[in-house]
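Here's the letter readout for the chains.
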Amino acid sequence: KESTRKRVLDCARRLNYVPNRIGRTLNTGKSNTIALLMMTSAEYADIVHKTSLFYYLQQGVLAVAHGAGYSLRLEVKAHEEPDLSNYFEQIIGDKTLDGIIIVPQYRRDYPFLYPLQKHGFPYVMMRPACFGRDVNHLDLENYQGGQMVAQLFAQRGCSKVAMINGPETHVDAIERERGFFEGLLAAGIKKVTKRYGDFTVPSGSIAMKSIMKEFTPDAIFCANDYMAAGAMKVLRSNRLKIPSDVAVVGYDNTDLCLALDPTLTTVDYQAEEVGRCLAQ
């Protein structure tokens, strides 16, 4: 009865009673905790720790989780870790999580999805849609983002274009490149070159130096803001003005864009909103 419920709650407040979360989990089968799993690769730079790329994503997830009365557990694991399959079996079996958000980053086989799907464990992946719709995922529309940059360069009348992309197996890099180059082809821009980095500032500088040995472009698309910062450093050292001599566009819209001079033009994929959608 409501009167009994009120009396119990009054006693709990008076006695400073704090519920035991472990006991509650055992009783209800719910932990009111979700995990955000960032997956890295031993082959490439750990951009989870070396950049602010996922900061806003985490903020969006946290806002929704806390608003719904859930705790958030942040995990970082490499695709190559030998105990990866055991990790997923454990979270299903020990009932310490009610769901998991997976950020796979790299194109790999995802055998860890099978136990999640088999047991009906709630999960969602942040990934492009081009790798199939057989899993729960959120499409970042990286292809469309790449196309937008190509259209911008075409509108500016650019004719010598370069791209500095992330790792060839990174799912965002794959889609951004595909959209960009198909957009350039549609616009009739034929003088194009590309280099690959690892989403860090130094890799952007190295790639830009390599491009300059081939030709001096009038427009450069960098697949993230950090590589764009590295490219801009090299352009300035060669006495080239941005954007009058060379147009530079980044991707992600991180705080770094405002710190650069001139302020970097970038594609905003709205990371915080992505985090909110994943959590919801």
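The notes below deal with the structure included here. (Residues numbered from 1 in each chain as written. Predicted model: local features only at pLDDT ≥ 70, side-chain atom pairs only at ≥ 80, totals over all residues. Heavy atoms only, no water.)

Quick word on the sheet that holds strand β9 (residues 247-251)
What counts, and what does not: DSSP bridges decide pairing: two strands pair if at least two such bridges lie between them. Under the DSSP-based scheme used, a helix requires at least four consecutive residues in state H or I and a strand at least two consecutive residues in state E, with every element numbered from the N terminus. Fitted lines through C-alpha atoms give the axes, limited to the stretch in contact for helices. The angle between two N-to-C directions lies from 0 to 180 degrees. Throughout, a residue-residue contact means that at least one pair of heavy atoms, one from each residue, lies within 4.5 Å.
Ordered in space as β7-β6-β8-β9-β10, the five strands form an open sheet in which the pairing is parallel. Lying at the two open borders of the sheet, with one neighbouring strand each, are β7 (191-196) and β10 (265-267). Averaged over all pairs of adjacent strands, the angle between strand axes in this sheet comes to 20°, irrespective of strand direction. Note: β9 against β10, three bridges, orientation parallel. Within the sheet, the bridge partner assigned to G250 lies in β10 and is T266. Contacts between helix α7 (residues 142-155) and the sheet are confined to β6 (160-165), β8 (219-222), β9 and β10, with β9 contributing the most and set at about 170° to the helix. Across the sheet, helix α8 (residues 171-187) touches β6, β7, β8 and β9, and the angle it forms with β6 is around 170°.

A short note on the pattern of salt bridges
The condition that has to hold: Salt bridges are defined by distance alone: a side-chain nitrogen of Lys or Arg within 4 Å of a carboxyl oxygen of Asp or Glu. Remark: exposure states derive from per-residue accessible area (1.4 Å probe, protein chains only) relative to the maximum for the residue type, with buried under 20%, exposed over 50%, and partly exposed in between.
Per the counting criterion, the structure on display carries 14 salt bridges. For R108, the salt bridge identified is with E43, shortest N-O distance 3.3 Å. Of this pair, R108 sits in the loop between β3 (99-103) and α6 (113-118) while E43 sits in the loop between β1 (33-40) and α3 (47-50), and the two are 65 residues apart along the sequence. R108 sits in the partly exposed class, given a relative accessible area of 23%. Under the relative-accessibility criterion, E43 is labelled exposed at 55%. In this structure, D252 and R176 form a salt bridge, with 3.3 Å as the shortest nitrogen-oxygen distance. You can see D252 sitting in the loop between β9 and α11 (256-259) and its partner R176 sitting in helix α8, a full 76 residues away along the chain. Side by side, D252 and R176 carry an identical accessibility label, which is buried. Salt bridges here are not isolated pairs; linked through shared partners, they connect K6, D10 and R13.

What to know about the sheet that holds strand β2 (residues 71-78)
If you trace the five strands from one edge of the open sheet to the other, you get β2-β1-β3-β4-β5, paired in parallel fashion. Lying at the two open borders of the sheet, with one neighbouring strand each, are β2 and β5 (137-138). Pairing geometry for β1 and β2, over eight bridges, is parallel. Considered in β2, the bridge of L37 is made with E75. Lying over the sheet, helix α5 (residues 84-93) contacts β1, β2 and β3, oriented at roughly 160° with respect to β2.

Notes on the packing of aromatic side chains
Aromatic rings in a pair are described by how distant their centres are and how their planes are angled relative to each other. Note the threshold: Each aromatic pair joins two rings of Phe, Tyr and Trp (for Trp, the six-membered one) with centres within 6.5 Å, and gets the label stacked for planes under 30 degrees apart, edge-to-face for over 60, and tilted for any other angle.
In total, this model carries nine aromatic pairs according to the counting rule given. Consider the rings of F88 and F112, whose centres lie 4.5 Å apart with planes at 10°: the pair is stacked. Within this pair, whereas F88 is found in helix α5, its partner F112 is found in the loop between β3 and α6, the two being separated by 24 residues in sequence. The same class applies to F88 and to F112, which are both buried. The interplanar angle of 40° and the centroid separation of 5.7 Å between the aromatic rings of Y110 and F112 together place this pair among those described as tilted. Exposure class is identical for Y110 and F112. Each is buried. One aromatic cluster is present, built from ring pairs that chain together F153, F180, F181, F221 and Y251.

Topic: a positive patch on the surface
Keep this limit in mind: Without a salt bridge and with relative accessible area above 30%, a residue can belong to a patch; like charges are then joined within 9 Å and nonpolar side chains (Val, Leu, Ile, Met, Phe, Trp, Tyr) within 5 Å. To be clear on the numbers: accessible area is Shrake-Rupley with a 1.4 Å probe, and residue cover counts the displayed protein chains and nothing else. Positive: Lys, Arg. Negative: Asp, Glu. His and the chain ends are not part of the count. A charged residue contributes its charge at one atom only: NZ of Lys, CZ of Arg, CG of Asp or CD of Glu.
A surface patch of positive charge is lined by K209, K213, K233 and R236. Broken down by secondary-structure element, the contributors of at least two residues to the positive patch are α9 (201-214) and α10 (225-237).

Quick look at the packing of α9 against α10
Selection rule: If an angle is under 35 degrees, it is roughly parallel; if it is over 145, roughly antiparallel; if it lies from 65 to 115, roughly perpendicular; otherwise it is oblique. Crossings are assigned a handedness: left-handed for a near helix turned anticlockwise from the far helix by less than a right angle, right-handed for a clockwise turn. Gly counts as polar in this scheme, as do all residues outside two lists: the nonpolar Ala, Val, Leu, Ile, Met, Phe, Trp, Tyr, Cys and Pro, and the charged Asp, Glu, Lys and Arg.
Where α9 contacts α10, the two axes come as close as 6 Å, and the packing angle between them is 45°. In terms of axis orientation, α9 runs oblique to α10. Crossing angle aside, the handedness with which α9 passes α10 is right-handed. Here V201, S203, G204, S205, M208, K209 and M212 of α9 lie close against α10, whose contacting residues are Y226, M227, A229, G230, A231, V234 and L235. A class-by-class count of the residues in the contact of α9 with α10 yields nine nonpolar, four polar and one charged.

Looking at the packing of helix α4 (residues 55-67) against helix α12 (residues 271-279)
Packing of α4 against α12 brings their axes to within 6 Å, and their N-to-C directions diverge by 40°. Between α4 and α12, the crossing angle belongs to the class labelled oblique. Between α4 and α12 lies a crossing of right-handed hand. In this structure, α4 uses Y56, L57, Q59, G60, V61, A63 and V64 to contact α12, whose residues at the interface are A271, E272, V274, G275, R276, L278 and A279. Residues of the contact of α4 with α12, tallied by class, amount to nine nonpolar, three polar and two charged.

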